[in-house]
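What follows is each chain in one-letter form.
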Amino acid sequence: GVQTCALPISKAGTDTLRGQAFFQFNNQDLNTRSPLLDSGLPPYKQDFFGFNVSGPIIRQKASFTLDFKRRLIDENAFVLATTLDSTFLPQTVNQAVVTPQTRQTISPRFDYAINAGNTLTLRYQDTRIELDKQGVGNFNLASQAYNQKDVENSFQGTETAILSPHAINETRFQFMRSNVSDIANNSMPAI
């Protein structure tokens, strides 16, 4: 016998309104202390939340989806180093430096049924990542910190054509732009 495979093609405008939301939390009270750190429990926090909503714009013709996610983390970098004090005597450095991190993504999508055999899908995604006090830890002191910012935007367009029960053609376009910047916390020379 001959087997046929049905390809999963979503149809624009046929969904009902639906969505979901979530939230996660964690902090230093829920963690154990580091064996590398002489002092108590360093500050730590993680918040992660987001939502997704989708539904019809024009019944049987157009629909939308919107995703949003945001993560906030106050992580720690452990500095275990030896430096010199003002009288040139060795001094042990044992500290935790809070290194905040933020990641946010927003992604809308639009589906439009051009006709019974053709569907247009448009997507946009904006991702922003901020990492503070990078480069700190191990032998690197807090004075070596820099902040990093990454912004990425992408736009995608897809036209799907059902040519026959066994053939589908997709035409795709994508534009992406990314920008990464590193900003030092100070401009003092170091050894």
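Residues numbered from 1 in each chain as written. Predicted model: local features only at pLDDT ≥ 70, side-chain atom pairs only at ≥ 80, totals over all residues. Heavy atoms only, no water.

**Student:** I tried to follow the environment of T160 on my own but got confused; where do I start?
**Tutor:** Positionally, T160 belongs in strand β6 (residues 146-164). In the structure, T160 is positioned 39 residues away from T121 in sequence and 8.1 Å away in space, judged by C-alpha atoms. (Helix = DSSP H or I, 4+ residues; strand = E, 2+ residues; numbered from the N terminus.)

**Student:** Just checking my understanding: could you explain the environment of G117 for this structure?
**Tutor:** For G117, the location among the structural elements is in the loop between β4 (90-115) and β5 (118-134). With 45 residues separating them along the chain, G117 and I162 place their C-alpha atoms 5.0 Å apart.

**Student:** Looking at this model, I keep getting lost on the nonpolar core. Mind explaining?
**Tutor:** One finds A77, V79, A81, V93, V97, V136 and A145 forming the largest nonpolar core, which totals 7 residues. Every element with two or more residues in this core is listed here: β3 (62-84) and β4. Not counting chain neighbours up to four residues away, the residues in contact with A81 comprise Q91, T92, V93, N138, F139 and L141. (Core = buried A, V, L, I, M, F, W, Y, C linked by side-chain atoms within 4.5 Å. Buried < 20%, exposed > 50% of the residue type's maximum accessible area, 1.4 Å probe, protein only. Contact = heavy atoms within 4.5 Å.)

**Student:** Looking at this structure, I do not really get the side chain of T127. What am I missing?
**Tutor:** Here T127 is to be found in strand β5. Residue T127 is classed as buried on the basis of its relative accessible area of 7%. Within polar-contact distance, the side chain of T127 engages the side chain of Q125 at 3.1 Å. Residues in contact with T127, not counting those within four places in the same chain, are R103, Q104, T105, D150, V151 and E152. (Polar contact = N/O pair within 3.5 Å; in protein donor to acceptor, adjacent residues only side chain to side chain.)

**Student:** In this structure, what is going on with the sheet that holds strand β7 (residues 167-184)? I would like to understand it.
**Tutor:** The pairing of strands in a sheet happens through backbone hydrogen bonds and is either parallel or antiparallel. Overall, antiparallel pairing links the 7 strands, which are arranged β1-β2-β3-β4-β5-β6-β7 in an open sheet. Looking at the sheet topology across the chains shown, the edges are occupied by β1 (18-27) and β7. Averaged over all neighbouring strand pairs, the angle between strand axes comes to 10 degrees, with direction disregarded. Here β1 runs beside strand β2 (residues 45-58); their pairing, made up of 10 bridges, is antiparallel. (Pairing = 2+ DSSP bridges. Axes fitted to C-alpha atoms, helices over the stretch in contact; angles between N-to-C directions.)

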